[in-house]
Amino acid sequence: MKNVSLGFLTEPLNVPMENVLPSRKMPPSLATSRKFKQIRSSIEEVGLIEPLSVMPADQRTGQHILLDGHMRLIALRELGHTNVPCLVSTDDESYTYNNRINRLSTIQEHFMLRRAIERGVTPARLAKALSVDVTQIQKKMTLLDGICPEAAELLQDRQFSAEISRVIRKMKSTRQVECVELMASANNITVSYAEALLVATPATMLVEGRKPAKLTGVSQEQMAKMEREMGNLQGQYKMVEQTYGQDVLNLVLARGYLSKLLENQAVARYLRQREPEVLAEFEAIVQTVSIEQ
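Structure report, in brief. Bear in mind the structure is a predicted one, so any value in this text is a computation, not a measurement. (Residues numbered from 1 in each chain as written. Predicted model: local features only at pLDDT ≥ 70, side-chain atom pairs only at ≥ 80, totals over all residues. Heavy atoms only, no water.)

**What to know about the overall build of the chain**
The cut-off we apply is this: Each helix is a run of DSSP H or I of at least 4 residues and each strand a run of E of at least 2, with the numbering of both proceeding from the N terminus. The classification of residues rests on relative accessible area computed with a 1.4 Å probe and restricted to protein chains. Under 20% of the type maximum is buried, over 50% is exposed, and intermediate values are partly exposed. Only heavy atoms enter the contact rule, under which two residues are in contact if any of them lie within 4.5 Å. Using the Shrake-Rupley algorithm and a 1.4 Å probe, accessible areas are obtained, with residue cover drawn only from the displayed protein chains.
Along the chain, the regular secondary structure elements total 13 helices and 5 strands. Here the chain, with 293 residues, has 28% of them falling under the buried criterion. Sequence-distant contacts in the chain: of pairs separated by 6 or more residues, those separated by 24 or more amount to 71%. Surface accessibility of the chain: about 19,400 Å² in total, with carbon and sulfur atoms responsible for 53%.

In structure tokens form, the structure reads like this:
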């Protein structure tokens with residue numbers, strides 16, 4: 001069995017800032033972007049966590065070409081750093097560094113924030129390091145308060161706004177699970193959709209046992225109509241979900257059969273002369289690539 005070679009040297013180098021050359025030009029709007037502000041605040045508050053990735057130094061000039069970490073480099077310059085820790089790459093494939101990573105889900109972020117606070121980090125410092133308002137940290141800290149374990153499990157690998165928890169916790173556990181399943185199945189985990197489901201929820205399935213006296217822009221008649229229509233929609237959606245797999249299989253089988261049938265010149269000629277409408281429908285089925293069509 002062959003040894004696997006590392007893509008970079010194991011020990012980072014402390015490289016003077018002027019010896020790191022960017023490999024691409026960054027847009028002028030970078031300095032005002034939210035991501036750059038978060039990176040700059042994080043470096044300012046806790047220091048550089050991930051070293052930059054660079055090519056080996058040029059033998060003549062001693063300069064390194066930057067592969068990954070352009071925003072970190074700009075942030076370090078703005079903060080007055082003169083040297084930067086770098087990992088020296090043994091290849092030039094920059095796509096392998098930060099483009100193939102899994103982002104934290106919202107619930108994973110919630111647990112990490114709770115653990116940091118339990119270990120003595122203040123919400124104010126976390127907010128400063130992440131360049132967000134401290135109220136956002138507080139909302140993420142209480143993300144799962146009032147959410148049943150089954151609904152939380154359905155959301156554990158998703159990214160969503162903390163405001164969704166504010167809406168969902170107004171429902172009872174069974175309704176929470178039902179609404180989260182609907183949002184996940186529709187791939188629409190948004191606050192507006194959650195609020196629409198809340199409006200369509202019967203009063204008996206709400207924690208307080210009654211609906212809000214007023215809802216901005218929605219009358220009581222509209223709320224009642226919305227509740228009926230959402231109930232019908234949920235029933236139809238469940239029926240479609242149950243038969244979707246069988247429908248796709250039937251489509252694949254029908255498409256394959258009709259494709260072979262139309263390859264027969266005699267059959268195709270007969271349909272073209274006697275049943276052109278049927279032929280047009282058969283051809284449309286053969287060209288179908290998904291059940292949505």
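Read on for the rest.
**Describing the pairing of strand E5 (residues 83-88)**
We apply this condition: One requirement defines pairing of two strands: DSSP has to find at least two bridges between them.
Bridging between strand E1 (residues 13-16) and E5 involves 4 bridges; their strand directions are antiparallel. Looking at E5, one finds that Val15 is bridged to Val84. Pairing of strand E3 (residues 52-54) with E5, which is carried by 3 bridges, proceeds in the parallel orientation. If you follow Val54 over to E5, its bridge partner there is Val88.

**Section: helix H9 (residues 173-185)**
The criterion, for reference: By this rule, a helix spans an expected 1.5 Å times one less than how many residues it contains.
With 13 residues, H9 should cover 18 Å at 1.5 Å per step; its first-to-last C-alpha distance of 18 Å lies within 8% of that length. The complete set of buried residues in H9 reads Arg175, Gln176, Val177, Cys179, Val180, Leu182, Met183 and Ala184. Phi turns positive one or two residues past the end of H9, at Asn187, with a value near 55 degrees.

**A closer look at the nonpolar core**
The nonpolar side chains of a soluble globular protein tend to be buried, and buried together. Selection rule: We call a set of buried Ala, Val, Leu, Ile, Met, Phe, Trp, Tyr and Cys residues a nonpolar core when their side-chain atoms join them within 4.5 Å.
Core analysis: the largest hydrophobic core is formed by 24 residues, its most contacted members being Phe160 and Met183. For this core, the secondary-structure elements that each account for two or more residues are helix H7 (149-155), helix H8 (163-168), H9 and helix H10 (191-199). When residues in this core are grouped by element, the largest group, 5 residues, is from H9. Counting 17 residues, the second largest nonpolar core, distinct from the first, contains Val15, Ile43, Leu73 and Ala75.

**Comments concerning helix H2 (residues 70-78)**
Buried within H2 we find His70, Met71, Arg72, Leu73, Ala75 and Leu76. In the segment just after H2, Gly80 is the residue with positive phi, at about 85 degrees.

**Regarding the sheet that holds strand E2 (residues 20-21)**
The line we're drawing: Helix axes are fitted to C-alpha atoms over the stretch in contact, other axes to C-alpha atoms as well, and angles between N-to-C directions run from 0 to 180 degrees.
Pairing in this open sheet of 5 strands is mixed, and the strands run E1-E5-E3-E4-E2 from one edge to the other. Strand pairing shows two members of the sheet lacking a second neighbour, E1 and E2, which therefore form its edges. Where H2 meets the sheet, it contacts E2, E3, strand E4 (64-68) and E5, and its direction lies at approximately 115 degrees from that of E4.

**Notes on the pattern of salt bridges**
Filter applied, for reference: Counted as salt bridges are all cases of a side-chain nitrogen of Lys or Arg within 4 Å of a carboxyl oxygen of Asp or Glu.
Evaluation of the coordinates by the stated rule reveals 11 salt bridges. Linking Lys128 and Glu45 is a salt bridge whose minimum nitrogen-to-oxygen distance equals 3.6 Å. Residue Lys128 is found in helix H5 (residues 123-130), and its partner Glu45 is found in helix H1 (residues 34-46); the two are separated by 83 residues along the sequence. Connected via shared salt-bridge partners are Lys139, Glu163, Arg166 and Glu195.

**Things to note about the packing of helix H4 (residues 106-118) against H5**
Short version of the rule: For classification purposes, angles smaller than 35 degrees are called roughly parallel, those larger than 145 roughly antiparallel, those between 65 and 115 roughly perpendicular, and all remaining angles oblique. Definitions for this section: a left-handed crossing has its near helix turned counterclockwise from the far helix by less than a right angle. A right-handed crossing has that turn clockwise. Throughout this entry, Asp, Glu, Lys and Arg are counted as charged residues, while Ala, Val, Leu, Ile, Met, Phe, Trp, Tyr, Cys and Pro are counted as nonpolar. The remaining residues, Gly among them, count as polar.
At a closest axis distance of 10 Å, the pairing of H4 and H5 adopts a crossing angle of 130 degrees. As summarised for this structure, H4 and H5 are arranged oblique, according to the angle between their axes. As H4 packs across H5, the resulting crossing turns out to be right-handed. Only Pro123, Leu126 and Leu130 of H5 make contact with H4, whose side of the interface consists of Leu113, Ala116 and Ile117. Each residue belonging to the contact of H4 with H5 can be placed in one class, and the counts come to 6 nonpolar, no polar and no charged.

**Overview of the environment of Arg34**
Turning to its location among the elements, Arg34 is positioned in helix H1. Each C-alpha atom of the pair Arg34 and Ser131 lies 8.2 Å from the other, and the pair is 97 residues apart in sequence.

Keep in mind these numbers describe shape, not what the thing actually does.
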